[in-house]
2 protein chains.
Amino acid sequence: MSYEVAALSTLVEQFERIPGIGHKGAQRMAFYVLNMPEEEAQKFADSILSARKKIHYCKKCCNLTEGDLCTICSNEARDQTVVCVVEDPRDVMAFERTHEYKGTYHVLHGAISPMSGIGPDQLTVKELLNRLDGVQEVIMATNPTVEGEATAMYLSRLLKPMGIRTTRLAYGVPVGADLEYADEVTLSRAMEGRREI
Amino acid sequence: MSYEVAALSTLVEQFERIPGIGHKGAQRMAFYVLNMPEEEAQKFADSILSARKKIHYCKKCCNLTEGDLCTICSNEARDQTVVCVVEDPRDVMAFERTHEYKGTYHVLHGAISPMSGIGPDQLTVKELLNRLDGVQEVIMATNPTVEGEATAMYLSRLLKPMGIRTTRLAYGVPVGADLEYADEVTLSRAMEGRREI
């Protein structure tokens with residue numbers, strides 16, 4: 001092509017590397033940057049660098065934080081005897097949005113998946129085992145997928161002999177959904193787990 | 001919310017400001033940045049700043065360029081007597097992808113739209129009038145929309161008295177499309193513009 005602006009192509013390529021962003025989307029984003037006032041572009045670039053530099057794992061729960069401990073682990077009002085094990089920091093955000101759960105979390109940063117070569121050593125399992133002093137219950141809140149299930153099973157087999165109560169999220173029909181469209185496995189789990197009203 | 005990582009929220013907000021990116025998408029992008037190696041994050045931030053700083057308008061055609069003149073205006077092999085007027089730098093890219101057009105361009109950076117308060121003064125019309133020395137044909141390649149049409153009409157009324165040939169892109173059915181789904185206006189324009197085979 002005879003027409004090319006190097007700095008623009010570089011920027012488009014950078015945006016294109018983000019999963020889920022195609023060429024057209026990357027181009028639209030690059031043009032948005034070109035039309036930004038210069039100080040806004042500076043802020044944008046700074047926010048990328050500062051997020052990358054400042055954010056690391058919480059020493060205790062391996063969630064993302066800027067400090068030594070995350071705001072949940074360092075919060076005295078949270079019940080430190082209950083640990084909710086999740087796969088991803090976004091799962092913590094999802095639970096926090098419920099405003100119901102008052103315990104702490106542990107972020108595994110993945111799930112056991114032999115197919116992708118991810119075993120317990122690639123996850124923060126060791127960190128979990130090292131923080132169980134005083135913990136009374138560990139809630140397995142890994143995803144309801146094959147990998148999530150396997151991870152929950154693996155961890156509960158490790159924890160039960162240590163005398164710690166291990167629980168799993170309830171399965172059932174999602175609130176607001178249409179029963180007609182629920183899959184068979186979910187429906188039979190919902191039936192199994194039925195409760196007195 | 002008791003759980004928040006400031007640097008992460010800032011980054012999500014920055015991505016969210018890009019048109020077409022929602023909260024979930026911005027979050028996904030921010031997490032992608034967090035998982036980048038540090039030098040990659042640096043490159044990403046640099047590409048934003050350098051695109052914003054290096055790229056400006058070509059002195060002649062107002063297209064985006066890093067130099068004084070864009071690679072098309074400074075290319076002796078291009079026919080400088082033909083100017084194709086487009087609304088946006090992306091339209092130049094679209095025409096360049098055809099590898100057919102050998103003339104030059106002029107980028108208006110918009111179209112006349114009284115509803116949005118955009119008149120000829122907000123576009124690069126003055127720059128177009130200042131570069132007509134030796135130009136024999138101006139092709140109106142603004143979008144086939146109300147605003148694009150109005151802009152093409154306005155410019156052709158300015159240029160015709162100066163003895164410059166002004167032409168407009170052909171209307172018709174797009175190649176590869178299904179006639180069944182073509183709208184009435186396009187179909188009647190295609191009929192009007194029919195040619196001997």
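Overview of the structure. Note that the coordinates shown come from a computational prediction; the quantities given were computed from them, not determined experimentally.

Regarding the packing of helix α3 (residues 38-54) of chain A against helix α1 (residues 6-16) of chain B
Then, number 1: Remark: α3(A) packs on α1(B), axes separated minimally by 9 Å, with the N-to-C direction vectors making an angle of 145 degrees. Considering only the axes of α3(A) and α1(B), their crossing is left-handed. Every residue of α1(B) that contacts α3(A) at A:Lys43, A:Phe44, A:Ser47, A:Ile48, A:Ser50 and A:Ala51 is listed here: B:Ala7, B:Thr10, B:Leu11, B:Gln14 and B:Phe15.
Then, number 2: Its residues placed into classes, the contact of α3(A) with α1(B) shows six nonpolar, four polar and one charged.

Quick notes on the packing of aromatic side chains
Residues and elements named next belong to chain A.
Then, number 1: Within this structure, the stated rule accounts for six aromatic pairs over all chains.
Then, number 2: Note on Phe95 and Tyr105: the rings are 6.3 Å apart at their centroids and 40 degrees apart in plane angle, and the pair reads as tilted. Of this pair, Phe95 sits in helix α4 (residues 89-98) while Tyr105 sits in strand β4 (residues 103-107), and the two are ten residues apart along the sequence.
Then, number 3: Overall, the relative accessible area of 21% leaves Phe95 in the partly exposed class.

Some words on the pairing of β4(A)
Residue and element names in this part refer to chain A.
Then, number 1: Among the five residues in β4, five count as buried, and that is most of the element.
Then, number 2: Pairing geometry for strand β3 (residues 79-86) and β4, over five bridges, is parallel. Opposite Val86, over in β4, you have Val107 as the bridge partner.
Then, number 3: For the crossover that starts at β3, traverses α4 and ends in the parallel β4, the hand is right-handed.

Some remarks on the interface of chain B and chain A
Then, number 1: Taken together, the contact pairs 53 residues of chain B with 53 residues of chain A.
Then, number 2: Between chain B and chain A, a total of about 5,400 Å² is buried, with carbon and sulfur atoms accounting for 66% of that surface.
Then, number 3: Applying the counting criterion to the chain B and chain A interface returns two salt bridges.
Then, number 4: Residue B:Glu40 is joined to A:Arg17 by a salt bridge in which the shortest nitrogen-to-oxygen separation is 2.9 Å.
Then, number 5: At the level of secondary structure, the elements contributing two or more residues to the side of chain B that touches chain A comprise α1, α2 (23-34), α3 (38-54), β2 (64-65) and α4 (89-98) of chain B.
Then, number 6: For the side of chain B that touches chain A, the element with the highest residue contribution is α3(B), accounting for 14 residues.
Then, number 7: Within the side of chain B that touches chain A, the residues separate by chemical class into 29 nonpolar, ten polar and 14 charged.

Cut-offs used in this document
- Residues numbered from 1 in each chain as written.
- Chains lettered and ligands numbered in written order.
- Predicted model: local features only at pLDDT ≥ 70, side-chain atom pairs only at ≥ 80, totals over all residues.
- Heavy atoms only, no water.
- Axes fitted to C-alpha atoms, helices over the stretch in contact; angles between N-to-C directions.
- Helix = DSSP H or I, 4+ residues; strand = E, 2+ residues; numbered from the N terminus.
- Left-handed = near helix turned anticlockwise from the far one by under 90°.
- Contact = heavy atoms within 4.5 Å.
- Nonpolar A, V, L, I, M, F, W, Y, C, P; charged D, E, K, R; others polar.
- Phe/Tyr/Trp six-rings, centres within 6.5 Å; stacked < 30°, edge-to-face > 60°.
- Buried < 20%, exposed > 50% of the residue type's maximum accessible area, 1.4 Å probe, protein only.
- Pairing = 2+ DSSP bridges.
- Right-handed = clockwise from strand over helix to strand, strands pointing away.
- Buried area = accessible area lost by both parts, 1.4 Å probe.
- Salt bridge = Lys/Arg side-chain N within 4 Å of Asp/Glu carboxyl O.

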